[in-house]
Each structure stands twice: as C-alpha cells, then as structure tokens.
Amino acid sequence: MQTSNRNIINIEEHPESSLILALGLYNSGRIFIYPTDTIYGIGGNPFDKNVVKKISEIKGRNEQKQFIWLISDFENLLNYVDITFENHFDFLQKLWPGPVSVVLNLNDRTKKITEFDTIAVRIPNNNFCQKLLNEIRRPLISTSVNRSGKDPLNQIELILENFSQDVDAIIFSSDQIQQISSTLIDLTTEEPKLIREGSTKFVELLKNFN
C-alpha cells in the first residue's frame, strides 16, 4: 500500500475533493487518515472485516480490541445501539457533538455483525467529519495515528513520515487541532463510569447527568 501525492490532500485548500476522496475510500474498503475534533484518526468502514484487520495490523494491536466509531447524529446512532435509560438520552444530547466518546450497548443485529456487545461512539464537533458522516450514513472508525504502545502522532509531518506507506490517503488540516484524545466514559449501566480522562474533565461531564 503506497500513498501517492494526489492522495495527500489539504482540507482547507480542497474541501470538495477531500470529501469525495474520503467517501470513495470508505465505500471501496480503503483506509485513510483524517482530522477529528480531537486528534488525527485512522478511518474506514467498521463493518468491513478486511478494513478492521488492516488497521489493526498498521497499529500492531490485537484484532479483538475495538475501535471508536464516529457517527453523524442520534437517528443514525439508534440503528446500532440500545439505550435503556431515558436520562441517558438527555445526557448524551448535552455531550454531543463534542470530544466525549461513550461506550454503549449494541443492539442484537449489530452484535451479530460485529461479534461485540458494546461500542465506544461519539458525534464529533468537526466540519469535515460531519460532512463525511452525513454522506456515508454509517459509522466511521476513529483510532489514533500511532503504533501500539506509542504516543499518538498529531503533526502532519510526522504522520507523513511514519504512515504514508501504510494508508491509502492522508487528509489533513492547516488548522491546529487538539492534542488530546477524547474523554471516554462507560454508559452501559445506569451510572456513568470514567474509562479515560481526555480533553473534557469527567467531573464537568457529570454536571450534565441527572
């Protein structure tokens, strides 16, 4: 897998071409790097087993470890998850769109497809991500750009140097993006539980939970 110059593209300079490229790659089972509302992510179709396997291989991590999904909106989210508690809807609507990933219970149909019971998901506050997600109307893998056990890379020069041979495209932004991963919480039971502190403090999130 080798990334050509035409598949290294600046979102601000080529907004339409960036979106068309990412959409085509997603639909054809390819892998690309892109900016999110937190750090850069490696993306692809989470329902394509070859995509999941390739991303796991690139990162050097166990294939049984799940990736976070980005999704466009609540209507789309409910195609894949079961939300049992009414106050969870209100809580999530206060969190999203934003840099908070939440572990939720998958519905029976999606469990059979993924062979997992839960998934970490978020609605991102990023213009490019939102446009892409609205086009694909399916979840998008979002996992940090790093080898397993190493720090995530967030500078485009380092990403190009270390990952340009591993992915089908690198879509980048001239704008400064956050250097910190999303906060990750577990909402598979009634009370939220912190898994990973990120750009938003857990104690602040709990102020929105009734």
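Draft legend 1. Quick look at helix 7 (residues 156–163). Turning to helix 7, its buried residues are Ile156, Ile159 and Phe163. In an axial view of helix 7, the angular spread of the buried residues amounts to 65°, which keeps them on one side of the axis. Away from its buried face, by an angle of more than 90 degrees, helix 7 presents the exposed residues Glu157 and Glu161. Taken together, the buried residues of helix 7 touch strand 2 (32–34), strand 3 (41–43), helix 2 (49–59) and strand 9 (169–172).

Draft legend 2. Local environment of the packing of aromatic side chains. Here the structure, examined in full by the defined rule, presents 6 aromatic pairs. Ring geometry for Phe32 versus Tyr34: centroids 5.5 Å apart, planes at 50°, classification tilted. Looking at Tyr34, the relative accessible area reads 0%, which means it is buried. Judged by centre distance (6.0 Å) and plane angle (85°), the rings of Trp69 and Tyr80 are edge-to-face. Taken together, the residues span a long stretch of sequence, with Trp69 in strand 4 (residues 68–70) and Tyr80 in the loop between helix 3 (74–77) and strand 5 (81–82) at a distance of 11 residues.

Draft legend 3. The side chain of Ser18, seen in detail. Along the polypeptide, Ser18 turns up in helix 1 (residues 15–27). Looking at Ser18, the relative accessible area reads 0%, which means it is buried. When sequence neighbours within four positions are dropped, the list of residues in contact with Ser18 reads Ile9, Asn10, Ile11, Phe128 and Ile171.

Draft legend 4. A look at the pattern of salt bridges. The tally for this structure, following the rule as stated, stands at 5 salt bridges. The shortest N-O distance in the salt bridge between Arg30 and Asp168 comes to 3.9 Å. Of the two residues, Arg30 is situated in the loop between helix 1 and strand 2 and Asp168 in the loop between helix 7 and strand 9; the sequence distance between them amounts to 138 residues. By relative accessible area, Arg30 is classed as partly exposed at 39%. Of the residues examined, Asp168 reaches a relative accessible area of 10% and is grouped as buried. Arg122 serves as the salt-bridge partner of Asp37, at 2.9 Å between the closest nitrogen and oxygen. Taken together, the residues Asp37 in the loop between strand 2 and strand 3 and Arg122 in strand 7 (residues 118–122) connect sequence positions 85 residues apart. Classification of Asp37 as buried rests on a relative accessible area of 9%.

Draft legend 5. Region of the structure containing the pairing of strand 10 (residues 183–186). Side chains of strand 10 alternate between two faces, with Thr183 and Ile185 and Leu184 and Asp186 buried alike. With 4 bridges joining them, strand 6 (residues 100–106) and strand 10 adopt parallel strand pairing. From the neighbouring strand, Ser101 faces strand 10, where its bridge partner is Leu184. In terms of strand pairing, strand 10 meets strand 11 (residues 193–196) through 3 bridges, oriented antiparallel.

Draft legend 6. Spotlight on the nonpolar core. Grouped together as the largest cluster of nonpolar side chains are 23 residues, with contacts concentrated most on Leu77, Leu92, Leu95, Trp96, Val102 and Leu104. Among the elements of the structure, helix 3, helix 4 (86–95), strand 6, strand 7 and helix 8 (202–205) are those that each provide at least two residues to this core. Broken down by element, this core gets its largest block of residues, 4 residues, from strand 6. Contacts of Trp96, omitting those with residues within four sequence positions, involve Phe74, Leu77, Val102, Leu104, Val121, Arg122 and Ile123.

Draft legend 7. Region of interest: empty space enclosed by the protein. Here the structure, examined in full by the defined rule, presents 1 cavity of 30 Å³ or more. Looking at the largest cavity, the residues that line it are Asp82, Ile83, Thr84, Phe85, His88, Leu104, Asn105, Leu187 and Thr188.

Calculation notes
Residues numbered from 1 in each chain as written. Predicted model: local features only at pLDDT ≥ 70, side-chain atom pairs only at ≥ 80, totals over all residues. Heavy atoms only, no water. Buried < 20%, exposed > 50% of the residue type's maximum accessible area, 1.4 Å probe, protein only. Helix = DSSP H or I, 4+ residues; strand = E, 2+ residues; numbered from the N terminus. Arc of directions from axis to C-beta. Contact = heavy atoms within 4.5 Å. Phe/Tyr/Trp six-rings, centres within 6.5 Å; stacked < 30°, edge-to-face > 60°. Salt bridge = Lys/Arg side-chain N within 4 Å of Asp/Glu carboxyl O. Pairing = 2+ DSSP bridges. Core = buried A, V, L, I, M, F, W, Y, C linked by side-chain atoms within 4.5 Å. 1 Å grid on protein atoms, 1.4 Å probe; cavity = no way out; pocket = protein on both sides within 12 Å on 5 of 7 lines; lining within 4 Å. Points joined across faces, edges and corners; volume = space filled by probe spheres on them.

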